[in-house]
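In case you want the letters, here they are:
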Amino acid sequence: MLEAAMIWNEPNNKSHWDPGLDPDWMIFAETARLAGQAIRAESGRLPRVLGGISPIDPVFIMKMGERGVLAEMEAVAVHGFPLDWNLWQIHEWPAKLAEIRAVTELPVWVSEVGVSTFGAEEVQLWGLQRTAQLLTGQAPRIHWYSLYDLPRAWEATTRHREAEGSSYYRHFHMGLLREDGTPKLALEEFGRHTPTLGLCQWFNFEDHRLDDAVTWMKRLGVRHLRTGLSWADSFRPDALAWFDRQMRALEEFDVTVTFCFTPEHRGPGQHHTSPPYEPLEFAEFCAAMVRRYA
């Protein structure tokens, strides 16, 4: 079942929204506001969540409040990876949540948190334990990222090389399972923290891991899952057939579905990070998906 609709992913991160084309997030604000209205019109009971921000920046949340975006949301979300590429330490998690709570009365979700095994699997194991200690009871939803390592053959690039994001090669090592599906040290420990800890697992178009992922999530006791439906993918041949298959496979979980990614031909940047020519088109996509799956 759909538990919530999330609007975009990391909108203040240039790997997901192009600030060169929308330097002060004016277009994003309109895009998110219209999407929130469209989702509410389709399903007033489905919570709407502003896509997790990375870096954690209260100024961005304040801008969204000033531009009417937060009036259309029922929660905001943050992402944090302090052991891999954030410019703060893991014990600062409570302070980071407090920074956002200071500028909005909306609940603050942690929709992505994780630790890579790039250096050692023992680092991920310790990081999972410490994260659970720090965040349990501090956020309505905590989604661990992720179940699988990213396949090396897939693209995982950053659009910036400085500061947060400069260690993006670690992105290939974020899973509790290796690319071949074998468990890492932290997998069993993760199962000790479900269902309090949910999971964030993105599925690519016609992802071969979908059925195996469902088996693992049931085995681990996962209840809350965050995944995505891509507006860009909706223009592929047989897109709805894949969306139907994905959502049908996940129907036993409480799913937060993230709507994001601009089709190349629908934005001036000709890239999935581009703001759309017509923000209303994204809102219509969100409404259609909610109508179909909620």
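Chains are numbered independently. Their residues run from 1 in the order of the written sequence. Selection of residues for local features in this predicted model requires a pLDDT of at least 70, selection of side-chain atom pairs for listing and counting requires 80 or more, and totals for whole chains, interfaces and linings are taken over all residues. Side-chain measures here rest on the full set of heavy atoms in the structure, leaving out hydrogens and waters.

Chemist: Tell me about the environment of arginine 40, and name the residues and values.
Modeler: Per the convention used, a helix needs a DSSP run of H or I reaching at least four residues, while a strand needs a run of E reaching at least two, with both numbered from the N terminus. Along the polypeptide, arginine 40 turns up in helix 1 (residues 26-42). Relative accessibility decides the category of a residue: with a 1.4 Å probe and only protein chains considered, values under 20% of the type maximum give buried, values over 50% give exposed, and everything between is partly exposed. The exposure class assigned to arginine 40 is partly exposed, which follows from its relative accessible area of 40%. Separated by 250 residues in the primary sequence, arginine 40 and valine 290 place their C-alpha atoms 9.4 Å from one another. Contact definition: two residues touch when any of their heavy atoms are within 4.5 Å. For arginine 40, the residues in contact, after removing those within four places along its chain, are Arg48 and Glu72.

Chemist: Residues and numbers for the pattern of salt bridges, please.
Modeler: Counted as salt bridges are all cases of a side-chain nitrogen of Lys or Arg within 4 Å of a carboxyl oxygen of Asp or Glu. Across all of its chains, the model carries 19 salt bridges by this definition. Of the charged contacts in the structure, one is a salt bridge between glutamate 74 and arginine 48, with a shortest N-O distance of 3.6 Å. Of this pair, glutamate 74 sits in the loop between helix 2 (58-66) and strand 3 (75-80) while arginine 48 sits in strand 2 (residues 48-53), placing them 26 residues apart in sequence. Among the salt bridges present, the one from lysine 218 reaches glutamate 252, with a minimum N-O distance of 3.1 Å. On the criterion of sequence distance, the pair formed by lysine 218 in helix 6 (residues 210-220) and glutamate 252 in the loop between helix 7 (239-249) and strand 8 (254-260) is long-range, its members being 34 residues apart. Owing to a relative accessible area of 44%, lysine 218 belongs among the partly exposed residues under this scheme. Salt bridges sharing common partners tie together Asp24, Lys63 and Arg67.

Chemist: I'd like to hear about helix 4 (residues 121-135), residue by residue, with values.
Modeler: Because the α-helix completes a turn every 3.6 residues, residues three or four places apart line up on one side. Here, expected helix span is obtained from the residue count minus one, scaled by 1.5 Å. The end-to-end C-alpha distance of helix 4 is 21 Å, a good match for the 21 Å that 15 residues give at a rise of 1.5 Å each. Among the residues of helix 4, those classed as buried are Gln124, Gly127, Leu128, Thr131, Ala132, Leu134 and Leu135. Projection of helix 4 onto a plane perpendicular to its axis shows the buried side chains occupying an angular sector of 165°, all on one side. Facing away from the buried side of helix 4 by over 90 degrees, the exposed positions are Glu122 and Gln133. Structurally, helix 4 contributes buried residues whose contacts are with helix 3 (93-101), strand 4 (108-113), strand 5 (142-145) and helix 5 (186-191). Of the residues flanking the end of helix 4, it is glycine 137, one or two places downstream, whose phi is positive at about 85°. In this description, one arc is meant: the one made by directions from the helix axis to the C-beta atoms.

Chemist: Please give an account of the state of the cysteines that cites residues and values.
Modeler: Criterion for a disulfide: a pair of cysteine sulfur atoms within 2.5 Å. Scanning the entire structure with this criterion turns up zero disulfides. With no disulfide of its own, cysteine 260 lies 9.2 Å from the sulfur of cysteine 286, the closest cysteine sulfur. Looking at cysteine 260, the relative accessible area reads 0%, which means it is buried. The exposure class assigned to cysteine 286 is buried, which follows from its relative accessible area of 0%.

Chemist: Talk me through the side chain of histidine 171; I want residue IDs and the actual numbers.
Modeler: On the secondary structure map, histidine 171 appears in the loop between strand 5 and helix 5. Its relative accessible area of 13% is what places histidine 171 among the buried residues. For this analysis, a polar contact is any N or O atom pair within 3.5 Å, provided that within protein one partner can donate a hydrogen and the other can accept it, and provided that sequence-adjacent residues contribute only side-chain to side-chain pairs. Separated by 3.0 Å, the side chains of histidine 171 and tyrosine 145 make a polar contact.

Chemist: Any chance you could break down the sheet that holds strand 3 for me, citing the residues and the numbers?
Modeler: Two strands are counted as paired when DSSP detects at least two bridges linking them. Read around the closed barrel, eight strands run 1-2-3-4-5-6-7-8, paired in parallel fashion. Adjacent strand axes in the sheet meet at a mean angle of 30° when their direction is disregarded. One ladder, built from three bridges, connects strand 2 with strand 3; its direction is parallel. Residue pairing in the sheet places valine 49 in a bridge with alanine 75 of strand 3. Between N-to-C directions, angles cover 0 to 180 degrees, with each direction set by a line fitted to C-alpha atoms, over the stretch in contact for helices.

Chemist: Let's hear about the pairing of strand 8: which residues, and what values?
Modeler: Side-chain direction in a regular strand flips from residue to residue, so the side chains alternate between the two faces of the sheet. Counting buried residues along strand 8, seven of its seven residues qualify, which places the element largely inside the surrounding structure. Burial along strand 8 is two-sided: the residues Asp254, Thr256, Thr258 and Cys260 and Val255, Val257 and Phe259 are all buried. One ladder, built from five bridges, connects strand 1 (residues 2-7) with strand 8; its direction is parallel. Residue pairing for strand 8: methionine 6 is matched across the bridge by threonine 258. Handedness of the crossover is the feature at issue here: the chain leaves strand 7 (residues 224-230), passes through helix 7, returns alongside strand 8, and the resulting connection is right-handed. When the strands point away from the viewer and the connection leading from the first strand across the helix to the second strand turns clockwise, the crossover is called right-handed.

Chemist: Before we move on, can you summarise the environment of glycine 269 with the specific residues and values?
Modeler: Among the structural elements, glycine 269 can be located in the loop between strand 8 and helix 8 (279-293). Distance from glycine 269 to leucine 21, taken between C-alpha atoms, is 7.4 Å for residues 248 residues apart in sequence. The contacts of glycine 269, once residues within four sequence positions are left out, are Leu21 and Ser274.

Chemist: Could you give an account of the packing of aromatic side chains, naming the residues involved and the relevant values?
Modeler: The geometry of an aromatic ring pair is captured by the separation of the ring centres together with the interplanar angle, meaning the angle of the planes. Within 6.5 Å between ring centres, the rings of Phe, Tyr and Trp (the latter by its six-membered ring) count as paired, and their orientation is classed by plane angle as stacked under 30 degrees, edge-to-face over 60, tilted in between. Considering all chains together, one arrives at 13 aromatic pairs under this definition. For the ring pair tryptophan 8 and phenylalanine 282, a centre distance of 5.2 Å and an interplane angle of 70° mean the geometry is edge-to-face. Here phenylalanine 282 lies in helix 8 and tryptophan 8 lies in the loop between strand 1 and helix 1, a separation of 274 residues in the sequence. Taken individually, tryptophan 8 and phenylalanine 282 each receive the classification buried, so the pair is uniform in this respect. Each ring, one from phenylalanine 259 and one from phenylalanine 285, has its centre 5.9 Å from the other, and the planes form 85°; the classification is edge-to-face. Note that phenylalanine 259 is positioned in strand 8 and phenylalanine 285 in helix 8, a separation of 26 residues in sequence. Relative accessible area serves as the criterion here: at 1%, phenylalanine 259 is assigned to the buried category. Among the aromatic side chains, those forming a connected cluster through ring pairs are Trp8, Trp17, Trp25, Phe28, Phe60, Trp202, Trp231, Phe261 and Phe282. Here, a charge over a ring means that NZ of Lys or CZ of Arg falls within 6 Å of the ring centre while also lying within 35 degrees of the ring normal. Positioned above the aromatic ring of tryptophan 216, the side-chain terminus of arginine 219 is 4.4 Å from the ring centre.

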